[in-house]
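# Descriptive analysis of the structure
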Amino acid sequence: MTPQSRGKKTHRSAAGITLVELAVSTAVLALLLVLLLSMVNQTGSVWRQTRGKIEQFREAREGFESMTRRLSQATLNTYWDYVDAAGNTRTAANYLTFLPTAYRRQSELRFISGPGLAGSATSTPPRPTHSMFFQAPLGFTAPLDPTDTTYTQYEGLENLLNTWGYFIEFGDDASLKPSFVTAPNKNRFRLLELMQSSQAMGLYGLEVAAGGNPFYKGRDWFLNPINSPPLATRPVHVLAENVIALVLLPRLAAGEKNAKGVAYGPKDLAPNYLYDSTATNAIAALNPNHQLPPVVQVTMVAIDEASAQRLTPADNTDIQAALGPLFKNAANYEDDLKINPAAAADASLENLLVTRRINYRVFTTQIAIKGAKWSRE
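Computed from a predicted structure; not experimentally measured. (Residues numbered from 1 in each chain as written. Predicted model: local features only at pLDDT ≥ 70, side-chain atom pairs only at ≥ 80, totals over all residues. Heavy atoms only, no water.)

## Focus on the packing of aromatic side chains
The tally for this structure, following the rule as stated, stands at 10 aromatic pairs. Taking 5.7 Å as the distance between ring centres and 35° as the angle between the ring planes, the aromatic pair formed by Phe 64 and Phe 363 counts as tilted. Of this pair, Phe 64 sits in helix H1 (residues 19–71) while Phe 363 is found in strand E11 (residues 360–368), placing the two residues 299 residues apart along the sequence. Under the relative-accessibility criterion, Phe 64 is labelled buried at 8%. Accessibility expressed as a relative area gives 14% for Phe 363, which makes it buried. Here the aromatic rings of Phe 111 and Phe 134 are separated by 6.2 Å at their centres, their planes lie at 25°, and the arrangement is stacked. Taken as a pair, Phe 111 in strand E3 (residues 111–115) and Phe 134 in strand E4 (residues 130–136) lie far apart in primary sequence, 23 residues in all. Of the two residues, Phe 111 and Phe 134, neither departs from the other in class, the shared state being buried. Members of the aromatic cluster, joined through ring pairs, are Phe 133, Phe 167, Trp 221 and Phe 222. (Phe/Tyr/Trp six-rings, centres within 6.5 Å; stacked < 30°, edge-to-face > 60°. Helix = DSSP H or I, 4+ residues; strand = E, 2+ residues; numbered from the N terminus. Buried < 20%, exposed > 50% of the residue type's maximum accessible area, 1.4 Å probe, protein only.)

This is the structure in structure tokens:
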């Protein structure tokens, strides 16, 4: 240090940022925060929408799975018995003159599915598209009198037979709500499940009254429980709301061939969707008399609650009218269901829903019935 510099203070510039640099940094940080918040909001919105859609159709999906699981347990418990030359079996009325000539497959149980069984889109109450009813060893028991406080379950009898079934019905929920619920009634399409307890199953009594098993081809065994009691006491409960269509197509197993070795088509067993185990099919070679269909293709269409809330009474009437002519001919299944741009408006179910901006889901699967032992004999 020189003598001249001794006693002098040196000034060094301190490192720092200018106001312009601070403003730019703040702007960049704010932009990053805005982008981050936007991404978070967008992700949250997508998550909420996805979760909402899952929740909206969760009830329908669970109902669909429950329905198909029960269907797979259908049974006829068939046996072989003598018939005479006219195809009649021995009864209390003809046992003295009965002359057996052959064996024929018999069953006291029933399986029926198809359109117009429980009602139609124009019936009261409206019951559009298809329905099915059958017996299964589900072991469901319930008191015949709802006020019976001494009733107990039948322990150890879990395989008791029940009459079971599924159908679509449109109406309000007045008879479905507990008495303490004061909310306004809602008009909705609903998938209903018939659950007739083992004690109440009237099939056998109807068969006896009609002269015996082979002569009873009536439908009171399922029509009585779903129609006769007051709505509030029917052995029926809601399996899923906002289900507008149920389509059932009984089919043969893949590869099933006729006597000439030609494979049957998927729609040959029930060309008009109707399948009745007590009736002989139009294609006599198939001989489904007292047989379960090996496979049933089940299709269910559900709409979301938001769409159901938007529908006016006129909209509901239009939907019922549009459903009326659909799913009557199995050959038109795809055209009745799928969107067909070349077709007129509302020519298919999906066109009907899309043109009205209704959010919907289509559930479909093929169910193999465990108790089916198909035979052309």
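Read on, since the account is not over.
## Regarding the sheet that holds strand E9 (residues 275–276)
The sheet built from six strands is open, its strands ordered E7-E6-E5-E4-E3-E9 with antiparallel pairing. The open sheet is flanked by strand E7 (236–241) and E9, the only strands paired with a single partner. (Pairing = 2+ DSSP bridges.)

## Quick notes on unusual backbone geometry
Following Thr 124, the chain continues into Pro 125 via a peptide bond in cis, with omega recorded as -5°. Position of Pro 125 relative to the elements: it lies in the loop between E3 and E4. Positive phi is not limited to glycine here, since Asn 77 has a value of about 50°. Of note, Asn 77 is situated in the loop between H1 and strand E1 (79–83).

## Topic: the side chain of Ser 277
Mapped onto the elements, Ser 277 comes out in the loop between E9 and strand E10 (295–303). Look past the residues within four positions of Ser 277 in its chain and what remains in contact with it is Leu 76, Leu 109, Arg 110, Phe 111, Pro 288, Asn 289, His 290 and Gln 291. (Contact = heavy atoms within 4.5 Å.)

## Thoughts on a nonpolar patch on the surface
Nonpolar side chains collect at one region of the surface, where Val 20, Val 24, Val 28, Leu 31, Leu 32 and Leu 35 lie side by side and expose about 570 Å² of accessible area between them. Looking at where Val 20 falls in the secondary structure, it is placed in helix H1. On the basis of relative accessibility, which here comes to 61%, the residue Val 20 falls in the exposed class. (Patch = residues over 30% accessible without salt bridge, like charges linked within 9 Å, V, L, I, M, F, W, Y side chains within 5 Å. Areas by Shrake-Rupley, 256 points an atom, 1.4 Å probe, with all protein chains shown as cover. Salt bridge = Lys/Arg side-chain N within 4 Å of Asp/Glu carboxyl O.)

## Overview of the confidence of the model for the protein
Of all residues in the protein, 84% attain a pLDDT of 70 or more, and the chain-wide mean is 83. Confidence scores differ between elements of the protein, with H1 showing the lowest mean pLDDT of 83 and E4 the highest of 96. (pLDDT = per-residue confidence, 0-100.)

## Observations concerning the sheet that holds E10
With antiparallel pairing, three strands are arranged side by side in an open sheet as E8-E10-E11. Each edge of the sheet is formed by a strand with only one pairing partner; in this case those strands are strand E8 (243–251) and E11. Going across the sheet, the axis of each strand differs from the next one's by a mean of 15°, ignoring polarity. Note: E8 against E10, eight bridges, orientation antiparallel. Within the sheet, the bridge partner assigned to Leu 248 lies in E10 and is Val 298. (Axes fitted to C-alpha atoms, helices over the stretch in contact; angles between N-to-C directions.)

## Re the side chain of Thr 278
As for its position among the elements, Thr 278 is in the loop between E9 and E10. When its relative accessible area of 4% is taken as the criterion, Thr 278 is described as buried. Here the side chain of Thr 278 touches Asp 276 through a polar contact of 2.9 Å, side chain to side chain. (Polar contact = N/O pair within 3.5 Å; in protein donor to acceptor, adjacent residues only side chain to side chain.)

## A short note on the pairing of strand E5 (residues 162–171)
Counting buried residues in E5 gives 10 out of 10 residues, a clear majority hidden from the surface. Going residue by residue along E5, you find Asn 162, Trp 164, Tyr 166, Ile 168 and Phe 170 tucked away on one face and Thr 163, Gly 165, Phe 167, Glu 169 and Gly 171 tucked away on the opposite face as well. The pairing of E4 with E5 spans six bridges and is classified as antiparallel. Looking at the pairing, Phe 133 lines up with Gly 165 of E5. For E5 and strand E6 (residues 188–196), the ladder comprises nine bridges, and the chain directions are antiparallel. Bridging across to E6, Phe 167 finds its partner in Leu 192.

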